[in-house]
Amino acid sequence: MTCSLEDARRVIAAAETEALTIGQPMNIAVVDAGGHLVAHARMDGARIGAIDIAINKAFTARAFDMSTADLAEHSQPGGPFFGIHSSNNGRVIIFAGGVLLRRGEQIVGAIGISGGSGEQDERVAQTGVQAL
């Protein structure tokens, strides 16, 4: 079971609506169960430099089966994942905005958001998750 293009579009639409509500243009990416990009949307006015960050937040959440916010907590100096950000050819992102997508207990993909503060990115990602 994996995230389809239809699923990704629904998740992106919900996330985009939330980003509009808070007035923050975002990059929104959805990956499938294998961590591969299914869809990406760059809202008008969203930073170009945040495209890769959104995609890599989604990849990171799926690659490690945890939110990037949780991974960030564990990757601080002295933590069990300290230094993990330098793995996977630099694709690992260790700040909020990458969240797993589940259908029941099964992980089917992940969403990555970039463009606002960590709190804003996480809020928009969680809204996308609820649309699945």
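For the structure, see preceding data.
Just so it is clear, the structure is predicted and the values come from calculations on it, not from any experiment.

The rules we used
Residues numbered from 1 in each chain as written. Predicted model: local features only at pLDDT ≥ 70, side-chain atom pairs only at ≥ 80, totals over all residues. Heavy atoms only, no water. Phe/Tyr/Trp six-rings, centres within 6.5 Å; stacked < 30°, edge-to-face > 60°. Lys NZ or Arg CZ within 6 Å of the ring centre and 35° of its normal. Salt bridge = Lys/Arg side-chain N within 4 Å of Asp/Glu carboxyl O. Buried < 20%, exposed > 50% of the residue type's maximum accessible area, 1.4 Å probe, protein only. Helix = DSSP H or I, 4+ residues; strand = E, 2+ residues; numbered from the N terminus. Pairing = 2+ DSSP bridges.

A. Layout of the packing of aromatic side chains. All told, the structure shown has zero aromatic pairs when counted by the stated rule. A cation over an aromatic ring shows up here: R91 above the ring of F59, its NZ or CZ 3.8 Å from the ring centre.

B. View of the pattern of salt bridges. Going through the model one piece at a time under the given rule, you end up with five salt bridges. D65 is the partner of R62 in a salt bridge, and the nearest nitrogen-oxygen pair spans 2.2 Å. Ionic contacts of the salt-bridge type, sharing partners, join the residues D7, R10 and R103 into one network.

C. Just the pairing of strand 4 (residues 106–114), in detail. Across the nine residues of strand 4, eight count as buried, placing the element largely inside the fold. With six bridges connecting them, strand 1 (residues 27–32) and strand 4 associate as antiparallel partners. Bridge assignment links V31 to a residue of strand 4, and that residue is A110. In this structure, strand 3 (residues 98–103) lies alongside strand 4, joined through six bridges in antiparallel fashion. Bridge assignment links R103 to a residue of strand 4, and that residue is Q106.

Remember that the coordinates give geometry; whether it matters functionally is a separate question.
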